[in-house]
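One-letter residues, chain by chain:
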Amino acid sequence: MSLDRAQLVDDLELLRATVAWKCSVLTDEQARWPGELMTAAGILWHLALVENTMYDVVVTGRPERWAEQLEAGREAAFSVGLDLPVDELRSAYQDNVELCREALADRSLEDPVGFAGDQLVTVATVVEYLVKETSRHLELLRGLIGE
């Protein structure tokens, strides 16, 4: 099976833009409704971490910058967002998207990249994962804040 790079990247960019647009006008109060882990704030923070992990761990081979925060449990990927201003969450998401975008820009879909220590995956696998993860969480956002 041959993946079309342009289509795969276009799909990811559309999802990223939709997440950013959906969260662009949220107030801090709206971003934290209903006050549990699964809030727009939590989802936005989680997606920032996903982009960051793909950049740090998978694409560049660096250690995950958020590892210490996540030692408390994977729920921290959502709960930290509850404590940060929504403007900071939007910036974190956009900054990590840009890092990931730049890191993937000059790579072939077939290029191997590291993951989970010595396991290798391809850039295509990374981009497909980002598409799936962003899509899943965009659906949750839509449920929380509407179309």
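The shown structure was predicted, so the numbers you read here are calculated from the model rather than taken from an experiment.

**Details of the side chain of Asn96**
Inference 1: If you trace the backbone, Asn96 turns up in helix 6 (residues 86-105).
Inference 2: At 2.8 Å, the side chain of Asn96 forms a polar contact with the backbone oxygen of Ala92.
Inference 3: Setting aside residues up to four positions removed in sequence, Asn96 forms contacts with Ala48, Glu51, Asn52 and Arg65.

**Some points on the side chain of Glu51**
Inference 1: With respect to the helices, strands and loops of the structure, Glu51 is situated in helix 3 (residues 40-59).
Inference 2: When its relative accessible area of 1% is taken as the criterion, Glu51 is described as buried.
Inference 3: Apart from residues lying up to four places away in sequence, Glu51 is in contact with Arg16, Tyr93, Asn96, Val97, Cys100, Leu130 and Thr134.

**Quick notes on helix 3**
Inference 1: Relative to the 28 Å expected for 20 residues at 1.5 Å per residue, helix 3 spans 27 Å between its end C-alpha atoms, a close match to the ideal helical length.
Inference 2: Most pronounced at Thr53, the bend in helix 3 amounts to some 25°.
Inference 3: Extensive coverage of helix 3 is indicated by the burial of 19 of its 20 residues.
Inference 4: Gly61, located one to two residues past helix 3, shows a positive phi value of around 80°.

Reading the values: the criteria
Residues numbered from 1 in each chain as written. Predicted model: local features only at pLDDT ≥ 70, side-chain atom pairs only at ≥ 80, totals over all residues. Heavy atoms only, no water. Helix = DSSP H or I, 4+ residues; strand = E, 2+ residues; numbered from the N terminus. Polar contact = N/O pair within 3.5 Å; in protein donor to acceptor, adjacent residues only side chain to side chain. Contact = heavy atoms within 4.5 Å. Buried < 20%, exposed > 50% of the residue type's maximum accessible area, 1.4 Å probe, protein only. Expected span 1.5 Å × (residues − 1). Bend = angle between axes of the 7 residues up to and from the residue.

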